[in-house]
Amino acid sequence: EDQVTQSPEALRLQEGESSSLNCSYTVSGLRGLFWYRQDPGKGPEFLFTLYSAGEEKEKERLKATLTKKESFLHITAPKPEDSATYLCAGREAASNYKLTFGKGTLLTVNP
Amino acid sequence: DTAVSQTPKYLVTQMGNDKSIKCEQNLGHDTMYWYKQDSKKFLKIMFSYNNKELIINETVPNRFSPKSPDKAHLNLHINSLELGDSAVYFCASSLGQLIGGANVLTFGAGSRLTVL
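The shown structure was predicted, so the numbers you read here are calculated from the model rather than taken from an experiment.

1. Comments concerning the sheet that holds strand S1 (residues 4-7) of chain B
Residue and element names in this part refer to chain B.
Piece 1. Strand order across the open sheet formed by 4 strands is S1-S3-S8-S7, with antiparallel pairing between neighbours. Only two strands of the sheet have a single neighbouring strand rather than two, namely S1 and strand S7 (64-70). Taking each pair of neighbouring strands and ignoring which way they run, the sheet shows an average axis angle of 15 degrees.
Piece 2. Summarising the sheet, strand S3 (residues 19-25) and strand S8 (residues 73-78) pair through 6 bridges and their orientation is antiparallel. Bridging from a neighbouring strand, Lys-22 pairs with Asn-75 of S8.

See the structure below:
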């Protein structure tokens, strides 16, 4: 069964303390790795899509990278407003509509 | 304007009741989805419709019945509610297949269902 595993489950950082979140996947014939941000009481909000090993995408303090087996979301000099749950999801080759989500990493950035 | 809107946001009901959740999107998308997020926070797809045609139907009890009257609306009706149905249900939409560029899922804010 396709799986997406995220680690750590929770991460607490001080403002300005850079770190990385991990997403490893066993999605068959991965055809896209998606990162979403979810704030409490809200729906997930799209951040990035990565398709090829070696691909990188950046947005403000966030940078997503992709290897053949995992993806990383690097957070540089985080601010308290970056606190949220970060979800990754994989799309398999068998379905152009179905995403398999991980459980997410709850990031808390303290001022 | 809210892109994907769901109603109600909160729903508290007794076991055995029947309830519905409605979803509407104003993005001009042609594909809509229902996802379930349980207490362990996993988001799992339940159903998807493309141009009113059912294209994804995961292993979901047949007490759950989706209906898409048109491309902009997708409703979820649940019969004979059980305790295990308590979860947050998210509606989402996309412009066609999730294959690149702007073709990503846009989610609603969720509908929290509590079954007592």
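Anyway, onward from the coordinates.
2. Thoughts on the pattern of salt bridges
Piece 1. Under the criterion given, the structure shown has 8 salt bridges over all chains.
Piece 2. In this structure, Arg37(A) engages Asp39(A) in a salt bridge whose closest nitrogen and oxygen atoms are separated by 3.0 Å.
Piece 3. The class of Arg37(A) is buried, set by a relative accessible area of 15%.
Piece 4. Its salt-bridge partner being Asp85(B), residue Arg63(B) comes within 2.8 Å of it at the nearest N-O pair. Of this pair, Arg63(B) sits in the loop between strand S6 (53-57) and S7 while Asp85(B) is found in the loop between S8 and strand S9 (87-94), placing the two residues 22 residues apart along the sequence.

3. A look at the state of the cysteines
All names here are of chain B.
Piece 1. Following the criterion strictly, the structure yields 2 disulfides over all chains and no others.
Piece 2. Covalently, Cys-23 is tied to Cys-91 through a disulfide, its sulfur atoms 1.9 Å apart. Given an S-S torsion of about -80 degrees, the disulfide between Cys-23 and Cys-91 has left-handed geometry. Taken together, the residues span a long stretch of sequence, with Cys-23 in strand S3 and Cys-91 in strand S9 at a distance of 68 residues.
Piece 3. The buried category is assigned to Cys-91, whose relative accessible area is 0%.

4. Looking at the confidence of the model for chain A
Piece 1. Mean pLDDT over chain A: 93, with 98% of residues reaching 70 or higher.
Piece 2. The secondary structure element of chain A with the lowest average pLDDT is strand S10 (residues 99-101) of chain A, at 92, and the one with the highest is strand S11 (residues 105-110) of chain A, at 98.

5. Considerations on the sheet that holds strand S3 (residues 19-25) of chain A
All names here are of chain A.
Piece 1. Spatially, S1-S3-S8-S7-S6 is the arrangement adopted by the 5 strands of the open sheet, whose pairing is antiparallel. Of all the strands in the sheet, the pair left with one neighbour each is strand S1 (4-7) and strand S6 (56-59). Between one strand axis and the next, the sheet turns through 15 degrees on average, direction left out of account.
Piece 2. Note that S3 and strand S8 (residues 70-75) share 6 bridges and pair antiparallel.

Here is what the cut-offs are and how they apply
- Residues numbered from 1 in each chain as written.
- Chains lettered and ligands numbered in written order.
- Predicted model: local features only at pLDDT ≥ 70, side-chain atom pairs only at ≥ 80, totals over all residues.
- Heavy atoms only, no water.
- Pairing = 2+ DSSP bridges.
- Helix = DSSP H or I, 4+ residues; strand = E, 2+ residues; numbered from the N terminus.
- Axes fitted to C-alpha atoms, helices over the stretch in contact; angles between N-to-C directions.
- Salt bridge = Lys/Arg side-chain N within 4 Å of Asp/Glu carboxyl O.
- Buried < 20%, exposed > 50% of the residue type's maximum accessible area, 1.4 Å probe, protein only.
- Disulfide = S-S within 2.5 Å.
- pLDDT = per-residue confidence, 0-100.

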